[in-house]
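So the chains spell out like this:
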Amino acid sequence: RKEVEQDPGPFNVPEGATVAFNCTYSNSASQSFFWYRQDCRKEPKLLMSVYSSGNEDGRFTAQLNRASQYISLLIRDSKLSDSATYLCVVNMGYGLTGGGNKLTFGTGTQLKVEL
Amino acid sequence: SQTIHQWPATLVQPVGSPLSLECTVEGTSNPNLYWYRQAAGRGLQLLFYSVGIGQISSEVPQNLSASRPQDRQFILSSKKLLLSDSGFYLCAWTTSFEQFFGPGTRLTVL
C-alpha cells in the first residue's frame, strides 16, 4: 500500500461546480497534513494546511478524518484558474536523521475546470 | 519575506556529462534544505536534505550528490549523468512543518 494515495483523475468539471478530492494515508501516527497546488511545469505551492477540526479558506475547505485516515479538499464555485494538480502531503510522524521533517507527497489529482 | 532561487531553469545534457544545480535561499537563517526530483507522471521523491553547512543526508542511493557550502546555498551534482536522471528538480526549505519550493530545474538527459 502506498504511504499516500490519491485518485489521479482527471476530474473534468464545469465552471461553478463543486468538486471534492480525497486522499488516504497509511501511517496512523501521521502528524500534519497539507494540500499543495501544482500548475503544469511549475513548482508545488502550499494551498492550505489541514487541521483536525477542519478549516476553510474562501472557496476551499479541508477536512481530516483520523479514524479513517483520509483527508479531503472541497472546492466550491470552481473557476477556470483552479485547473491544476492538487497534491496531498503528509508528515508521516517521524523526522529525518539529524533533524528536519520528512513530508510524503501523493502523486496528485488533476482538476480541469471547463467553460 | 523568504525567497528561494534555482538555476538554471532548464538544462539539456548528454549522457555521461557532469551536472551542477544551484539553490539559494534569501530572508532566513539556518534553513533546512531539501532536493526533490519529480519524474514525469510521478510524485516527488526526496533525494537529499541538509540541516546545516556541510551536513548532507541522502534518502536514496544514486549517482547524484549534494553539498551545502554556505548556510543558504544547496548544490546538487553528478559526475556522470544517466538517462534516468531526467526530471524536474526542486529545492525546498522548511518552516517547522510546511515546505516551500523553488521554481525548479527541468533536466533532460539525452
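You'll find the structure just up there.
In what follows, the accompanying structure is described. The structure presented is a predicted model; accordingly, all values stated were derived computationally and were not measured.

## A short note on the sheet that holds strand E8 (residues 70-75) of chain A
All names here are of chain A.
No. 1: Read from one edge of the open sheet, 5 strands run E1-E3-E8-E7-E6, paired in antiparallel fashion. Both outer strands of the open sheet, strand E1 (4-6) and strand E6 (55-57), are each paired with one neighbouring strand and no more. With direction set aside, neighbouring strand axes in the sheet form an average angle of 20°.
No. 2: Pairing of strand E7 (residues 60-65) with E8 involves 6 bridges; the strand directions are antiparallel. The residue bridging Thr61 from the neighbouring strand is Leu74, located in E8.

## Looking at the interface of chain A and chain B
No. 1: Of the residues lining the interface, 23 residues belong to chain A; the matching set on chain B comes to 23 residues.
No. 2: At the boundary of chain A with chain B, the tally comes to 1 salt bridge.
No. 3: Here B:Glu59 ties to A:Lys102 by a salt bridge, and the two come within 3.0 Å at their closest N and O atoms.
No. 4: Our count for the contact surface shared by chain A and chain B stands at 4 residue pairs in polar contact (both at pLDDT 80 or more).
No. 5: When residues of the side of chain A that touches chain B are traced back to their parent elements, those giving at least two are strand E4 (32-38), strand E5 (44-50), strand E9 (84-95) and strand E10 (101-105) of chain A.
No. 6: Considered class by class, the residues forming the side of chain A that touches chain B number 8 nonpolar, 11 polar and 4 charged.

## Regarding the sheet that holds strand E1 (residues 3-7) of chain B
Residue and element names in this part refer to chain B.
No. 1: If you walk across this open sheet you meet the 4 strands as E1-E3-E8-E7, and the pairing is antiparallel. Sheet topology places E1 and strand E7 (64-70) at the edges, where each strand pairs with a single neighbour. Strand-to-strand twist of the sheet, defined as the mean angle between neighbouring strand axes without regard to direction, takes the value 20°.
No. 2: Here strand E3 (residues 19-26) pairs with strand E8 (residues 73-78) via 6 bridges, running antiparallel. Across the sheet, residue Leu21 finds its bridge partner in E8, namely Leu76.

## Considerations on the environment of B:Gly27
Residues and elements named next belong to chain B.
No. 1: Tracing the sequence through the fold places Gly27 in the loop between E3 and strand E4 (32-38).
No. 2: The spacing of Gly27 and Leu110 is 83 residues in sequence and 37 Å in space, taken between C-alpha atoms.
No. 3: Residues within four places of Gly27 in sequence aside, it is in contact with Ser1, Gln2 and Arg72.

## A short note on the layout of surface pockets
No. 1: For the largest pocket, the calculated volume is near 500 Å³.
No. 2: Lining the largest pocket are 21 residues, with A:Gln38, A:Arg41, B:Gln38, B:Ala40 and B:Gly41 sitting closest to its centre.
No. 3: If one sorts the elements of the lining of the largest pocket by residue count, E9(A) sits on top with 3 residues.
No. 4: The residue inventory of the lining of the largest pocket, partitioned by class, reads 7 nonpolar, 9 polar and 5 charged.
No. 5: Taken together, 16 residues make up the lining of the second largest pocket; nearest its centre are A:Glu3, A:Thr104, A:Phe105, B:Leu44 and B:Gln45.

## Let's talk about the pattern of salt bridges
All names here are of chain A.
No. 1: What the rule picks out here adds up to 7 salt bridges over all chains.
No. 2: With a shortest N-O distance of 2.8 Å, Arg59 and Asp82 are connected by a salt bridge. Taken together, the residues span a long stretch of sequence, with Arg59 in the loop between E6 and E7 and Asp82 in the loop between E8 and E9 at a distance of 23 residues.
No. 3: With a relative accessible area of 22%, Arg59 lands in the partly exposed category.

Parameters and conventions
Residues numbered from 1 in each chain as written. Chains lettered and ligands numbered in written order. Predicted model: local features only at pLDDT ≥ 70, side-chain atom pairs only at ≥ 80, totals over all residues. Heavy atoms only, no water. Pairing = 2+ DSSP bridges. Helix = DSSP H or I, 4+ residues; strand = E, 2+ residues; numbered from the N terminus. Axes fitted to C-alpha atoms, helices over the stretch in contact; angles between N-to-C directions. Contact = heavy atoms within 4.5 Å. Salt bridge = Lys/Arg side-chain N within 4 Å of Asp/Glu carboxyl O. Polar contact = N/O pair within 3.5 Å; in protein donor to acceptor, adjacent residues only side chain to side chain. Nonpolar A, V, L, I, M, F, W, Y, C, P; charged D, E, K, R; others polar. 1 Å grid on protein atoms, 1.4 Å probe; cavity = no way out; pocket = protein on both sides within 12 Å on 5 of 7 lines; lining within 4 Å. Points joined across faces, edges and corners; volume = space filled by probe spheres on them. Buried < 20%, exposed > 50% of the residue type's maximum accessible area, 1.4 Å probe, protein only.

This is a description of form; function is not addressed.
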